[in-house]
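# Structural overview for review
Letter by letter, the chains look like this.
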Amino acid sequence: MDSAVVDVDELVEFWTLLEVDRELLIGKRGATALGFALLLKHYSRHGRFPRGRSELHDAVIDFVARQVGVDASEVGAYEWSGSTIEYHRAQVRAHLGFRVATVVDQEEGTTWLAVNVAHAERRPERVREELLAHFRAQQIEPPTPGRVLRMVRSALRVAEQNWSLRISGRLDPPTVVRLLNLLTPNDCAVEGVEDGFEESGTVLGSIKSAPGNVSLDSMMIEISKLKAVRAVGLPVGLFADVAPKVLDGWRARAAVEAPSHLRRHAQPLTLTVLAALVNQREREITDTLVELLIATVHRIGARAERRVTNELINAFKRVTGKENILFLIAEAALAKPDGAVREVVFPAVSGGEQTLQELVHEFKTQGPVYRRTVQTTLRASYTGHYRRGLIALLEVLEFRSSNTAHRPVIDALTLIKRHAKTANLTFYPLGEAVPAHRGTAGDWSDLVYRADTRGRSRVARMVYEVVTLQALREQLRCKEIWVVGADSWRNPDEDLPQDFEQRRNENYRELRKPLDPTVFIDDLRQEMSDALSALDAAVPSLDWLSITDRPSGAITLTKYEAAPEPRNLRRVKDEVQRRWGTIALVDMLKETVLRTGCLNEVSGIAGSGTLNIEVLAERLMLAIYAYGTNTGIRAVAAGGGHGHTEDEIRYVRRRYLTRDTAQAVAIAIANATFVARRTSLWGEGSTAVASDSTHFRSYDQNIFTEWHSRYGGRGILIYWHVERGSMVVHSQTLRASASEVHAMIEGAIRHGTTMKVEGNYVDTHGQSEIGFAITRLLGFDLLPRIKQINKIRLYRPVTGQPDAYPQLTPALTRPIRWDLIEQNYDQMIKYATAIRQGTASTEAILRRFTRSASHPTYQAMLEVGRAQRTIFVARFLRSRELQREITEGLNIVEAFNGANSVIYYGKGGEIASNRQDEQEMTALCLRILQAALVYINTLMLQDVLDEDAWTSMLTDEDRRGLTPLFWQHVLPYGEVKLDMTTRLSIRTINPTGSP
């Protein structure tokens, strides 16, 4: 059966015998009664009979056995084949009004599936679920699993043919010719390598290639790609009625197939997948160009500042005691007002004239002269190098804004493009309307507005371009300005659910929020008051907390004492190694696959595929191992006696091991681990996860790799969500400059496992006021470790009560602006709904809420976040248990990061790919290997601790520190010997009954 845990509610709802059910049990006893009852309730629950004992959860058997009055072990005596069970099945069908599916039923089901499901869902496992639900609704017993699979494949094939004819029929002959020309060799195309096969210099290869690093060359290449994509001339709305998942499937198919493979398909299908690729790549390339614009404008400014600083640093010497120098100069000057400076002032200062020269130099390098030098250098860098690419980029991108306040920047871009190619133009022509915007004011105004030779105030063109691009960058980052045809950088209104108004009540109900904003505000305000009152009353008795008025911060929190060290865990781990020896990591992966069946639902993205399931599983495991250890497919293929070649493994990787597939495998292992855990040993299932990032060095010839100041090198971040039992439930790749807040939220609500996340431990980088607000609206607790807690200010819940919390007064600040929350409550719920439903990525949605944003909903979000953070800090300061809980949770994810260096050892731990999709696959496969390690260790620990001698040895400290995340018995190196005939001898039996 499903690996999900069977809880009490499900047992009561679906497995309770009714009076009418008991009438059928008359005359049946022992194993016969139990077997019949299980058949009956399973059929009622799933619309089909169980295929055997292995599909019945132990908890289900125990629950039904108690009702029948039979010992659960009797189920072993029930015959799962023969005349008795056939008679029982007939009785169950007659009782429930079901009938066996006929040939006509199967044909009608296939047709229904193609029209109603397969046209919008391409994943076979999902289509199969819909088919079984359809049969159940019609009270028809589905045919055999093999026949169901053939029906699913037939429906998918028919739906694909229908779609291909429909999409290709919308293309005019010239567009058809241009699409097919993408597959022909082109001497001007950039040759690329796609997972091991050459694109042979086709335009398609250029379009599919990944972006390079942040540079002028990368910008020009991406612009040429965008022009090539647009030159195809796809009609507007070509895929308007196509489900996003179907479109993504076609795009993935075109991305992994070589041009020669695409040419072999029927022309309608070839045109459809090519058009899907072109359509999606136009949006992706547009996003890339926006990111290049933002990064390049930032780089120009950063390099200018660094260059000026390096030039001045050698001459720079910080002068100390400025106030004393001023006093001495003033005293000497007043004493001899008529004396010469060299005779009176210079001797009064220690160091004389040299000290005063250094003082003047320091002021110049830190004051307006320094800023002016930086501005001049920035202008020169832009004019001499970057301008060509940025102007070309402005020509191919269309910027818009829904806020009239930002219209001057849009108009300024139009002006820049109009005069971009005019030579020898220092100032814009007289009479030209030059829009003033935020960037033209402040420090830059003296350079933007200059006098010409006749003394007239004019606008310097190059400086105006620089400040406009800087203003554009700031407004793009918070999506006040957006780009037509982009995906991530599109109109922010498109990120929100379009049917929010129609489904308002349902949306509020799913978030468990009241429709009335005053109810939400009253609850939040009351919770604030209670938390502050509790802290205020407890402060005198808390010897670890002091709140006083001091310059360094009002709050002083002492560290708690370390918990006693576990004494016997080392012996338990040694026993694991003694019993099973040193285990190759690939054997742990193999055993996990065989026990969990996590590869059973893998299907190819380019059709159904014809590979034998056993062969496919072996090659998938080798590909996962190659990516997860960073040894690479070539090394894995060459270094083992498994009989699979490099090309064969690459083919399976390209066609079957997709991002969605790898995620599904990791989720299946996590769910199987949750089921296999014994409550007596590990406790009740956890509802909290800890999340943190790990820095991985990576090649820098791509836009995703960035310099990270904290880690001192170029690379990417992989952000992990790990639950209390050391099982990773989510992973994602991030840029080094990315905020970890959106990654925390994304993983907590979209981890995909059976675990219910109610709390998330994060380090300081994973929390913010916006993070507290969003998690409050989404319904789970943000539990951060705040490093500078002495600087935290507690907000007041109400106005007009300055003495309400006398013990907290030094740390208190202004009251929360509840009126702002009330005015924007509905809009906040709309954004929270968008995040929950995934109408856009969490990162794209949270871009609206940055410090440079003036969005009113952002201000309201801040107020909610301040209130929620106040509640958390008040709880945190008062509770030593909460402080320890957060630290323990973060220690788990830190230990998880420690295992990365052991598993991911190839190539010195550096990600050796410049493709973002390859980097994502690396992270996912590493996650699979980590999950497999924890799963097998969990089973082995349970095997050891099943014995009374070992269980009685454990102390409370040992149980607290017990973890399945250890690896001294693991061998990740050496030849990859994948032998499917050998197994690990573990006595633990899964709840499904499989070994």
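### What to know about the packing of aromatic side chains
The tally for this structure, following the rule as stated, stands at 16 aromatic pairs. Relative to Trp250, the ring of Phe239 has its centre 6.2 Å away and its plane inclined at 50°; by these criteria the two rings are tilted. Within this pair, whereas Phe239 is found in the loop between helix H11 (216–231) and helix H12 (244–256), its partner Trp250 is found in helix H12, the two being separated by 11 residues in sequence. Note on Phe239: relative accessible area 9%, which makes it buried. One aromatic cluster is present, built from ring pairs that chain together Phe500, Tyr508, Phe520 and Tyr825. Above the face of the Phe36 ring, Lys28 is positioned so that its terminal group lies 4.5 Å from the ring centre. The ring of Trp163 carries Arg166 above its face, with NZ or CZ at 4.4 Å from the centroid.

### Considering the nonpolar core
Judged by nonpolar contacts, the single largest core of 168 residues is most densely connected at Leu535, Leu545, Leu599, Leu808, Met861 and Phe872. Looking at this core, the element that brings in the most residues is helix H37 (residues 916–945), giving 18 residues. Sequence-distant contacts of Leu535, defined by excluding residues within four places in its chain, comprise Leu542, Leu545, Leu794, Leu808, Ala874, Leu877 and Arg878. With 80 residues, the next largest nonpolar core counts Leu204, Val232, Leu271 and Tyr428 among its residues.

### Section: the environment of Gly212
By the secondary structure assignment, Gly212 is in the loop between helix H10 (203–208) and H11. C-alpha of Gly212 to C-alpha of Arg848: the two residues are 636 residues apart in sequence and 27 Å apart in space. Setting aside residues up to four positions removed in sequence, Gly212 forms contacts with Ser218, Gln701, Asn702 and Ile703.

### Observations concerning the pattern of salt bridges
Throughout the structure, instances matching the rule amount to 60 salt bridges. Linking Arg230 and Glu282 is a salt bridge whose minimum nitrogen-to-oxygen distance equals 3.7 Å. Taken as a pair, Arg230 in helix H11 and Glu282 in helix H14 (residues 267–313) lie far apart in primary sequence, 52 residues in all. Accessibility expressed as a relative area gives 36% for Arg230, which makes it partly exposed. The salt bridge involving Asp495 is made with Lys479; its shortest N-O contact spans 2.7 Å. Taken together, the positions of Asp495 in the loop between strand S8 (482–483) and helix H22 (504–511) and Lys479 in the loop between helix H21 (461–477) and S8 put the pair 16 residues apart, joining distant regions of the chain.

### Let's talk about the pairing of strand S14 (residues 713–723)
Most of S14 sits out of view: 10 of its 11 residues are buried. Pairing between strand S12 (residues 688–697) and S14: nine bridges, direction antiparallel. Within S14, the residue paired with Ser693 across the bridge is Tyr719. Relative to strand S15 (residues 728–734), S14 runs antiparallel, the two sharing six bridges. Opposite His721, over in S15, you have His730 as the bridge partner. If you look at the hairpin formed by S14 and S15, you'll find four residues sitting between the two strands, and Ser726 has a positive phi there, around 75°.

The rules behind the values
Residues numbered from 1 in each chain as written. Predicted model: local features only at pLDDT ≥ 70, side-chain atom pairs only at ≥ 80, totals over all residues. Heavy atoms only, no water. Phe/Tyr/Trp six-rings, centres within 6.5 Å; stacked < 30°, edge-to-face > 60°. Helix = DSSP H or I, 4+ residues; strand = E, 2+ residues; numbered from the N terminus. Buried < 20%, exposed > 50% of the residue type's maximum accessible area, 1.4 Å probe, protein only. Lys NZ or Arg CZ within 6 Å of the ring centre and 35° of its normal. Core = buried A, V, L, I, M, F, W, Y, C linked by side-chain atoms within 4.5 Å. Contact = heavy atoms within 4.5 Å. Salt bridge = Lys/Arg side-chain N within 4 Å of Asp/Glu carboxyl O. Pairing = 2+ DSSP bridges.

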